[in-house]
Amino acid sequence: MRAIPLETPSPASARLPGTLKHAHTTRHQVEAQEKEEEEEKEDVEKDAEDAVAAALDPSSLLASDRLSLDLYPGGCGLLLRLLREQGSQLQQVRFLRLNCNEELVGAALAVIPRLRSLCSLVLKGGHRRDDRGSYLRGSLSTLPPCLSDLAHLVHLDLSFNNLKVLPACIPQMTGLDALLLSHNLLQRLPESLGALHALTFLSVSNNCLQTLPTGMAQLTALQRLDLSENCLDAVPEEIGALSSLTELNLASNRLQSLPDSMANLQSLRLLFLHSNLLDSVPPSLASLPLLTQLDLRDNRLRAVPREIQEAPFVRLQGNPLGVPEPTPAAPPGESPARDVPRVLLASDADSFTVTSRGCSVALACGVRMLFPPGATPTPTTVHYQQLTPEPRLVWLGPHDALLSAVLELRPHGTPFQQEVHLWLPFVPPRARRGCQVVVRTRSGQTWEDLDTHLEKEEEPKRLWASCRVPHFSWFLVVSRPVEDSCRVPREGALLCSSGDPRVKVIFPAGVTAEPRHIRMQVVMVSDWALGGDTEAAVSPLLCLSQDSAHNFLGPVTVQLPLPRGITGPSLDRTHLHLLHGDPQLPAWDDITAQVALELTHLYARFQVTHFSWYWLWYTTKSCVEGLARKVYDRLRLYRVNFIALQRRRDPEQVLLQCLPGKKVEPTLKRLQPRYRGPEPSDTVELFEGEHFFAAFERGINVDADRPDCVAGRITFVFYSHLKNMKEIYVTSSVDRKMQAVKGQVSFYRGAVPETVPEEAVRRRKGPDALWLATLPIKLPRLPQGEGQGPFEGLTLASLNLGDAESGFLTQSNLVTVARRLGPDWQSVALHLGLSYPEVQRIQYSNRDDLDGQVRHMLFSWAERQAGQPGSIQQLLEALEQSDRQDVAEEVRAILELGRSKYRESIRRVGLASEEDPVSATA
């Protein structure tokens, strides 16, 4: 069997060297050469026909009434051959498909009328691609008049061609039921189109239409009309005569208004009007009896009739509803609308109320929100809080960086009638090429990135990440590599990186049975990441993912640029490695021997059937996998220092902080008036989002009932652009009235060794990977009778708030609660049962110290409650009645931690029996 060529070579290009050599020839020589080229062209075409005929069995093609010749190279030539040899058998063919990217399509069209039974004719282009992977239009610019003789034709598809004018034979095909003209160059449609009285489906999407003919009103049988992706600025009144229309698509045009006659489309079910310039819509659209979807997204609608707003099938996202200014929202520092109330919240406020009028809200933490009028039909109380980042509230990819604290907005999941505009302040990331800033939110159990715009304010200098949200949840700002995505249909697609246009992924036709969504990120690799390997050079790191768990049906072509300084002609293939990465580990495998690398002067291309990470290396090293892991880790490393400072007026309050090395000096300078302590630690390296721990040793204890205290260690999560700090109170395990206490805080990665070696006392640079740094802490000797830090001035009996099974609240726990209350302490005190004169006395005795007021109130109440049942429940109720649900939740977390530790201790010493419910729940 002879091989079938995928493409017919061009004779002109094949003889190009000869043409240049004989540029100066006589006229007779030119004519002779042209004749020779014409004969050669005919020979090539005949060879193509012969190859197809030899490879295919004509009897198998004519076994049914369907003839799909667009699947084979030279299909048009094969049709001509079949007509010459087996013309009688072709009379049964009812469905015919041809490839309009072939040169013989014109000759094939001339003989198609001989197929008298033909009812479906598909003459599509788009079967070839250019160098960039885009579909090439077919060669059809018109049709022969003889096609009107096809009396049984009901389906005609001319998509992906070069039609600028509708062929005159089409209005004469009065039996047509479906006409597809998408992806052409049509600028207008003729009035004679109305002669197609049997037409039920018309698609003219992705053309250049500027107007519609009034004759379309005669298409009374039309049920589906697709006019999307054109240049229409108006719709004629006659469109209301299409009484049978069930689906109308006018998306992505230039429509500024709609005719009132659209209310006559009583059969309409689907109406797509998104991505236009509409300022208003007829109220009568909402009264269409069968309408189930009305898409008005991304227009200029500022006012929508109430009937349309309240309809459940209407989509209005992307419209500046309720905002009278020319832009949807003003800059963050200004009032976004004159008629919208403005709300400024102080630092101690944690809620506000939104009415149907809407409002512009400015929080003390710098967050801005715009609720357009009508966003909430009834008054709604919105609660907010800024949370310290933790793994439960932050999801980061391998190359992401966190830029803001976590903002929680409640009620969670409650949808708004219109999207709320949200501005989040963030710390600008370090300069990284190919990165973008996005707002990330949690939707249900998954995380998603929102469409984000960056806004800047000069005085004072601030950066905001702006987005629109349909409901409330947790929000944070992250920096990530630029993500490009596309939807791959069965017809194929091309995905190019916007960060590095040299990176491409080409999906041929038929590579997937169902459409799937593809995402691509490109990570730029700097030379410093390669360390001391001067012989190595690498390409950008390509990260590919998809929303399907199945491999592709065929190979997908990936293009990567060659490593810098390496070109195809001078390439030593023994030094070139293609690495495949597992994003979960990450682990790297050398797959060079498993793929066929196609090299050009600048690029390397290879084919895969599933997606992961791909990296191209050029190095003399024989084992590249381990080297790649080290380089990859180095890309994600930050050089950081630790500091441990003690408050000057209260040495028991210790500030622990981990921050990038370049921020150490300005941070110490800013903290110097309030804190004192040792020099920063030696430089260590951490990953974004990595856990580490601080453990106190040699006579210094930390409150073990803190929620972030695990096995005597304070847990941290490192984020390069945020303040990785915690303030804690420490105590001594020895009598400080006799001597001062010298100890240290050590930072560890992972588990703390059971026995801390003596070297940990000093600053060491040992090979222990778990150990990070050690800094000294000193608690001064207390004079006789002197109190301890926050308890000074209080004479408390032994605090016994709660019980072992329900959980204790210790003095340190109450100190934590006191620091969180702030100005709300008076409301909590009254709900705890303190009299108003008593609250006034506490305020007067500590009139210059808010912290002292809160501590005095809380500990005086706790002293009276010691040993009494129900005291903890009384505190929880007082916090909730004072709208401090956040503090109440923290108290519950402390209690649950205490209960779990109590159950664990009972189980460990073996005091609980198997029937004991305490043991059963441990």
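Reading guide: rules and limits
- Residues numbered from 1 in each chain as written.
- Predicted model: local features only at pLDDT ≥ 70, side-chain atom pairs only at ≥ 80, totals over all residues.
- Heavy atoms only, no water.
- Helix = DSSP H or I, 4+ residues; strand = E, 2+ residues; numbered from the N terminus.
- Buried < 20%, exposed > 50% of the residue type's maximum accessible area, 1.4 Å probe, protein only.
- Contact = heavy atoms within 4.5 Å.
- Areas by Shrake-Rupley, 256 points an atom, 1.4 Å probe, with all protein chains shown as cover.
- Core = buried A, V, L, I, M, F, W, Y, C linked by side-chain atoms within 4.5 Å.
- Phe/Tyr/Trp six-rings, centres within 6.5 Å; stacked < 30°, edge-to-face > 60°.
- Expected span 1.5 Å × (residues − 1).
- Pairing = 2+ DSSP bridges.
- Patch = residues over 30% accessible without salt bridge, like charges linked within 9 Å, V, L, I, M, F, W, Y side chains within 5 Å.
- Salt bridge = Lys/Arg side-chain N within 4 Å of Asp/Glu carboxyl O.
- Lys, Arg positive; Asp, Glu negative; His and termini not counted.
- Charge placed at Lys NZ, Arg CZ, Asp CG, Glu CD.
- pLDDT = per-residue confidence, 0-100.
- Arc of directions from axis to C-beta.
- Disulfide = S-S within 2.5 Å.
- Axes fitted to C-alpha atoms, helices over the stretch in contact; angles between N-to-C directions.
- Parallel < 35°, antiparallel > 145°, perpendicular 65-115°, else oblique.
- Left-handed = near helix turned anticlockwise from the far one by under 90°.
- Nonpolar A, V, L, I, M, F, W, Y, C, P; charged D, E, K, R; others polar.
- Polar contact = N/O pair within 3.5 Å; in protein donor to acceptor, adjacent residues only side chain to side chain.

Engineer: Explanation requested: the overall build of the protein chain in the structure shown.
Structural biologist: If you tally the helices and strands in the protein chain, you get 16 helices and 49 strands. Scored against the burial criterion, the 922 residues of the protein chain give a buried share of 48%. Taking as baseline every contact in the protein chain between residues at least 6 positions apart, the subset at least 24 positions apart corresponds to 59%. For the protein chain, the exposed area adds up to about 44900 Å²; of that, 50% sits on carbon and sulfur atoms.

Engineer: I keep staring at the nonpolar core and nothing clicks. Help me out?
Structural biologist: Residues Leu-96, Ile-112, Leu-123, Ile-170, Leu-179, Leu-248 and Leu-296 are the most contacted members of the largest nonpolar core, which totals 79 residues. Within the residue set of this core, elements represented by two or more residues are helix H5 (75–86), strand E2 (95–99), helix H6 (105–111) and strand E3 (120–124). Here the element with the most residues in this core is H5; it accounts for six residues. Excluding residues that lie within four positions of it along the chain, Leu-96 makes contacts with Leu-67, Leu-69, Leu-79, Ile-112, Leu-115, Leu-118, Ser-120, Leu-121 and Val-122.

Engineer: I'm lost on the packing of aromatic side chains in this one. Help?
Structural biologist: The description of an aromatic ring pair rests on the distance of the ring centres and on the angle between the ring planes. Scanning the entire structure with this criterion turns up 18 aromatic pairs. Ring plane angle 40° and centroid distance 6.1 Å describe the contact between Trp-588 and Trp-613, whose orientation is recorded as tilted. Taken together, the residues span a long stretch of sequence, with Trp-588 in strand E33 (residues 587–590) and Trp-613 in strand E36 (residues 613–618) at a distance of 25 residues. Per residue, the accessibility class of Trp-588 equals that of Trp-613, and both read buried. One aromatic cluster is present, built from ring pairs that chain together Trp-588, Trp-613, Trp-615, Trp-617 and Tyr-632.

Engineer: Help me understand the environment of Pro-289 in this model?
Structural biologist: Positionally, Pro-289 belongs in the loop between strand E9 (270–272) and strand E10 (293–295). Residue classification places Pro-289 among the exposed residues on the basis of a relative accessible area of 53%. Taking C-alpha positions, Pro-289 is 7.7 Å from Ser-267, a pair spaced 22 residues apart along the chain.

Engineer: Before we go on, may I ask you to explain H5 in this structure?
Structural biologist: Along an α-helix, a turn takes 3.6 residues, which lines up residues three or four apart on a common side. A rise of 1.5 Å per residue sets the reference length of H5, with its 12 residues, at 16 Å; its end C-alpha atoms lie 15 Å apart and thus fit the reference within 8%. Among the 12 residues that make up H5, nine are buried, leaving the element largely enclosed by the rest of the structure.

Engineer: What's the story with the sheet that holds strand E44 (residues 713–717) in this structure? I'm lost.
Structural biologist: Strand pairing in a sheet takes place through backbone hydrogen bonds and is either antiparallel or parallel in direction. Taken together, five strands build an open sheet; the order of strands is E43-E44-E41-E46-E47 and the sheet is antiparallel. If you trace the sheet from one side to the other, it starts and ends with strand E43 (709–710) and strand E47 (771–779), each paired once. Summarising the sheet, strand E41 (residues 691–697) and strand E46 (residues 741–748) pair through five bridges and their orientation is antiparallel. Paired with Ala-695 across the two strands is Ser-746, which belongs to E46.

Engineer: Please explain a positive patch on the surface as it appears in this structure.
Structural biologist: A surface patch of like charges, here positive, comprises Arg-648, Arg-676, Lys-742 and Lys-778. Counting through the fold element by element, Arg-676 comes out in strand E39 (residues 675–676).

Engineer: What exactly am I supposed to notice about the sheet that holds strand E35 (residues 603–608) here?
Structural biologist: If you walk across this open sheet you meet the five strands as E26-E27-E31-E35-E34, and the pairing is antiparallel. Two strands lie at the open edges of the sheet, namely strand E26 (493–496) and strand E34 (598–599), each paired on one side alone. Bridging between strand E31 (residues 556–561) and E35 involves six bridges; their strand directions are antiparallel. Looking across to E35, one finds that Val-556 is bridged to Val-608.

Engineer: Sorry if this is basic, but what is going on with the confidence of the model for the protein chain here?
Structural biologist: Close reading of the predicted structure is inappropriate where its pLDDT is low. Residue-level pLDDT values for the protein chain average 79, and 81% of them are 70 or greater. For the protein chain, helix H2 (residues 16–21) is the element with the lowest average pLDDT, namely 31, and strand E6 (residues 201–203) is the one with the highest, namely 94. Taken together, the stretch residues 1–27 has pLDDT below 50 and engages in 22 contacts with residues farther than four places along the chain or on a different chain. Residue range residues 323–338 is modelled with pLDDT below 50. Its contacts to residues more than four positions away, or to other chains, number 31 contacts.

Engineer: Is there a simple way to think about the environment of Leu-250 in this case?
Structural biologist: Here Leu-250 shows up in the loop between strand E8 (247–249) and E9. Put simply, Leu-250 and Leu-225 are 25 residues apart on the chain and 8.7 Å apart in space, counted from C-alpha to C-alpha. Once residues lying within four places of it in the same chain are set aside, the contact partners of Leu-250 are Leu-227, Leu-232, Val-235, Leu-255, Phe-272, Leu-273 and Asn-276.

Engineer: What is the right way to look at the side chain of Ser-203 in this model?
Structural biologist: Positionally, Ser-203 belongs in strand E6. Ignoring sequence-local partners within four residues, the contact set of Ser-203 consists of Leu-179, Leu-180, Leu-181, Ser-182 and Asp-226.

Engineer: Even after reading the chapter, I still don't get the pairing of strand E16 (residues 380–387), so can you show me in this structure?
Structural biologist: The side chains of a regular strand alternate between both faces of the sheet. The pairing of strand E13 (residues 351–354) with E16 spans four bridges and is classified as antiparallel. Note on E16: the bridge partner recorded for Phe-352 is Val-382. In this sheet, strand E18 (residues 406–410) lies alongside E16 in antiparallel orientation, the contact comprising five bridges. From the neighbouring strand, Gln-385 faces E18, where its bridge partner is Glu-408.

Engineer: Looking at this structure, I do not really get the pairing of E46. What am I missing?
Structural biologist: Of all eight residues that make up E46, seven are buried, and the element is covered over most of its length. Judged from the eight bridges that link them, E46 and E47 form a sheet pairing that is antiparallel. In the strand pairing of E47, Tyr-748 is matched with Trp-771.

Engineer: Would you take a moment to explain the pattern of salt bridges for this structure?
Structural biologist: Oppositely charged side chains can pair when the atoms bearing their charge come close. Summed over the entire model, instances satisfying the criterion amount to 15 salt bridges. A salt bridge links Glu-390 to Arg-392; the shortest N-O distance between them is 3.9 Å. For Glu-390, a relative accessible area of 32% corresponds to the partly exposed category. In this structure, the salt-bridge partner of Arg-440 is Asp-400, at a minimum N-O distance of 3.1 Å. Separated by 40 residues along the polypeptide, Arg-440 in strand E20 (residues 435–443) and Asp-400 in the loop between E16 and strand E17 (401–402) bring together distant segments of the chain. The class for Arg-440 is buried, based on a relative accessible area of 2%.

Engineer: For this particular structure, what's the right way to read unusual backbone geometry?
Structural biologist: When glycine is set aside, most residues are seen to have a negative phi, and most peptide bonds are trans. Cis rather than trans, the peptide bond between Arg-410 and Pro-411 has omega equal to 10°. On the secondary structure map, Pro-411 appears in the loop between E18 and strand E19 (420–425). Even without glycine at this site, Glu-229 takes up a positive phi of about 55°. Relative to the elements of secondary structure, Glu-229 occurs in the loop between strand E7 (224–226) and E8. With a relative accessible area of 39%, Glu-229 lands in the partly exposed category.

Engineer: Would you mind showing me how to read helix H14 (residues 871–881) here?
Structural biologist: Of the residues making up H14, those classed as buried are Ser-871, Ile-872, Leu-875, Leu-876, Ala-878 and Leu-879. Axial view of H14: buried residues confined to an arc of 160°, hence all on one face. Of the residues trailing H14, Asp-883 is marked for its positive phi of about 60°.

Engineer: How should I be thinking about the environment of Pro-586 in this particular structure?
Structural biologist: Looking at the element boundaries, Pro-586 is found in the loop between strand E32 (576–582) and E33. Overall, the relative accessible area of 9% leaves Pro-586 in the buried class. Sequence spacing of Pro-586 and Asp-633 is 47 residues, and the spatial spacing of their C-alpha atoms is 9.5 Å. Among all residues touching Pro-586, those that are not within four sequence positions of it are Trp-613, Arg-629 and Tyr-632.

Engineer: Looking at this structure, how should I read the state of the cysteines?
Structural biologist: The bond known as a disulfide is covalent and runs between the sulfur atoms of two cysteines. One pass over the full model with this rule turns up zero disulfides. Free of any disulfide, Cys-76 has its nearest neighbouring cysteine sulfur in Cys-100, separated by 6.8 Å.

Engineer: Explain the packing of helix H11 (residues 825–832) against H14 here, please?
Structural biologist: Each pair of packed helices gets described by two things: the angle between the helix axes and the distance between those axes. Here H11 crosses H14 at 135°, and the two axes come no closer than 8 Å. By the angle between their axes, H11 is oblique relative to H14. The way H11 lies across H14 gives a crossing that is right-handed. Here Val-828, His-831 and Leu-832 of H11 come into contact with H14, specifically with Gln-874, Leu-875, Ala-878, Leu-879 and Gln-881. When its residues are assigned to classes, the contact of H11 with H14 shows five nonpolar, three polar and no charged.

Engineer: Explanation requested: the side chain of Glu-690 in the structure shown.
Structural biologist: Relative to the helices and strands, Glu-690 is located in the loop between strand E40 (684–687) and E41. At a separation of 2.9 Å, a polar atom in the side chain of Glu-690 contacts the main-chain amide nitrogen of Phe-687.

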